[in-house]
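If you want the building blocks of each chain, they are given just below.
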Amino acid sequence: PPLTPPPPPTTPAPGTGSATLSWTLDTEPDLEGYKIYVGTGAGLYTYPGSPFVVGLTGSYTVTGLPVGQTYFFAIGAFDASGNESGLSSEVSKSIY
């Protein structure tokens, strides 16, 4: 039978990194969870999937962040009625 040449190699996906955020849990009795806001500009939380909704936890790791950028993060708490707190102070991380 004729030999089929192997397919050409695929270009590997660009590298990615992660950022682990941690915070002190709010003590409100009706606290439902937190939203993690992510962006590539200060105060602009437009990264795909942002905000990431997480439960009653004091940490979260955002994965799959493409290298070559600085990312900005802020956290908001929300209650069972959907009310959300103001955002936390912003932090950033460069992934290179």
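Residues numbered from 1 in each chain as written. Predicted model: local features only at pLDDT ≥ 70, side-chain atom pairs only at ≥ 80, totals over all residues. Heavy atoms only, no water.

**Quick look at the environment of S22**
Mapped onto the elements of the fold, S22 is located in strand β1 (residues 16-22). Looking at S22, the relative accessible area reads 61%, which means it is exposed. Each C-alpha atom, one on S22 and one on S59, is 4.0 Å from the other, the two residues being 37 residues apart in sequence. Look past the residues within four positions of S22 in its chain and what remains in contact with it is G58 and S59. (Helix = DSSP H or I, 4+ residues; strand = E, 2+ residues; numbered from the N terminus. Buried < 20%, exposed > 50% of the residue type's maximum accessible area, 1.4 Å probe, protein only. Contact = heavy atoms within 4.5 Å.)

**A word on the sheet that holds strand β6 (residues 91-95)**
One open sheet holds the four strands; their spatial order is β3-β2-β5-β6, and the pairing between them is antiparallel. Every other strand in the sheet has two partners, leaving β3 (52-54) and β6 as the edge strands with one partner each. Each neighbouring strand pair of the sheet contributes to a mean axis angle of 25°, computed without reference to strand direction. Bridge count for strand β2 (residues 31-39) against β3 is three bridges, and the pairing is antiparallel. Bridging across to β3, I36 finds its partner in F52. (Pairing = 2+ DSSP bridges. Axes fitted to C-alpha atoms, helices over the stretch in contact; angles between N-to-C directions.)

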